[in-house]
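Here are the chains, one letter per residue:
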Amino acid sequence: MRRILLSILPLLILSACGSQKPLCAAGTAEAVVASTEPATQFGSILRSIVSRTSTIASAQKRQSAGFDAKLTDAVNASVARHQDAWINNMVSGWKKLESKDLQAACASINKRDKDAFMQHAMKVGPDIQRLNEPLLRRAGAEVLAAVDQ
C-alpha cells in the first residue's frame, strides 16, 4: 500500500494546479487544502488502492452485474465517513510550512504553476502520507467489506 500511495499522492496533489480546479483563496493551510478538492482526492486514491486488490477482483467476477455501482457507492460512503479526518490530516501537514511557503503554494495554484506547487507539496507529502495511511487502510477495509458480500 505504501508504494501505491507514494506513486499516487504526488499526482493527485499536482492535480491541484489543473485548469478546472478552484483557486486558492488565501495563503493558509486550509485554503491550500481546499483548493486541492480533498474529498475528491481521497475518493480517487481510495478507489485506486482498493481496485488493485485481489478481493475486488474476485468480488467483481462473482457479482459482475452492478459491481461498479456497488464499488462507487462503497467508496462514496467511506469518503463521507472519513473526509473530515482526511482534510484535518492534510491541513496538519500543510501547516508545517512557513507562512511565506504557504503563500507561495497558494500563488502557484492560482497561476496553475505545477512545478512551483510541487516544490511545496513534496515538503509536506511525507507527513501527509504518514497521517493518512492508517485512514486509507481503515477506509479501504470498509470498502472491501462492503463490496465482498
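Now for a look at the structure at hand.

1. Focus on the packing of helix α6 (residues 99-110) against helix α7 (residues 114-147)
Put simply, α6 and α7 touch, their axes get as near as 8 Å, and they point 135 degrees apart. Here α7 runs oblique to α6, going by the angle between their axes. As α6 runs across α7, the sense of the crossing is left-handed. Within the contact between the two elements, α6 uses D101, A104, A105, S108 and I109 and α7 uses A116, F117, H120 and K123. Taken together, the residues that form the contact of α6 with α7 break down as 5 nonpolar, 2 polar and 2 charged.

2. Here's the deal with the state of the cysteines
Scanning the entire structure with this criterion turns up 1 disulfide. Shown here is the disulfide that connects C24 with C106, its sulfur atoms set 2.1 Å apart. Across the disulfide from C24 to C106, rotation about the S-S bond amounts to roughly -115 degrees, and the bridge is consequently left-handed. Remark: C106 occurs in helix α6 and C24 occurs in the loop between α1 (2-14) and α2 (29-35); sequence separation between them is 82 residues. The same class applies to C24 and to C106, which are both buried.

3. Comments concerning the pattern of salt bridges
Between side chains of opposite charge, a pair can form when the charged atoms approach closely. Per the stated rule, a full pass over the model turns up 6 salt bridges. Notably, a salt bridge pairs K95 with E30, separated by 3.2 Å at the nearest N-O pair. Here the residue K95 occupies a position in the loop between α5 (67-94) and α6, and E30 occupies one in helix α2, the gap between them amounting to 65 residues. E30 sits in the partly exposed class, given a relative accessible area of 40%. One connected set of salt bridges, linked through shared partners, spans K96, D127 and R130.

4. Things to note about the packing of α5 against α7
Where α5 contacts α7, the two axes come as close as 9 Å, and the packing angle between them is 140 degrees. For the pair α5 and α7, the crossing hand works out as right-handed.

5. Some words on the packing of aromatic side chains
Following the criterion strictly, the structure yields 2 aromatic pairs and no others. Relative to W86, the ring of F42 has its centre 4.5 Å away and its plane inclined at 20 degrees; by these criteria the two rings are stacked. Here F42 is found in helix α3 (residues 38-51), whereas its partner W86 is found in helix α5, with 44 residues between them in sequence.

Quick notes on the rules
- Along every chain, residues carry numbers that run from 1 in the direction the sequence is written.
- In view of the model being predicted, local features appear only for residues whose pLDDT reaches at least 70, and side-chain atom pairs are presented and counted only at 80 or more, with totals across whole chains, interfaces and linings using the full set of residues.
- With hydrogens and water stripped out, all remaining heavy atoms of the structure feed into the side-chain values.
- Comment: axis = line fitted to C-alpha atoms, over the contacting stretch for helices; angle = value between 0 and 180 degrees taken between N-to-C directions.
- Secondary structure elements follow DSSP: runs of H or I no shorter than four residues count as helices, runs of E no shorter than two count as strands, and numbering proceeds from the N terminus.
- Geometric relationships in this document are graded by angle, where less than 35 degrees denotes roughly parallel, more than 145 denotes roughly antiparallel, 65 to 115 denotes roughly perpendicular, and other angles denote oblique.
- Each crossing gets its handedness from the near helix: less than a right angle anticlockwise from the far helix is left-handed, clockwise is right-handed.
- We call two residues contacting when some pair of their heavy atoms lies within 4.5 Å.
- Lys, Arg, Asp and Glu make up the charged group, whereas Ala, Val, Leu, Ile, Met, Phe, Trp, Tyr, Cys and Pro make up the nonpolar group; the residues left over, Gly among them, are polar.
- Note on terminology: disulfide denotes any pair of cysteine sulfur atoms within 2.5 Å.
- Type-normalised accessible area, obtained with a 1.4 Å probe on protein chains alone, sets the label of each residue: buried when under 20%, exposed when over 50%, and partly exposed for intermediate values.
- A side-chain nitrogen of Lys or Arg and a carboxyl oxygen of Asp or Glu constitute a salt bridge if their distance falls within 4 Å.
- Two aromatic rings from Phe, Tyr or Trp, using only the six-membered ring of Trp, form a pair when their centres are within 6.5 Å; if the ring planes differ by under 30 degrees the pair is stacked, by over 60 it is edge-to-face, and anything between is tilted.

Functional significance is not addressed by these values, which are geometric in nature.
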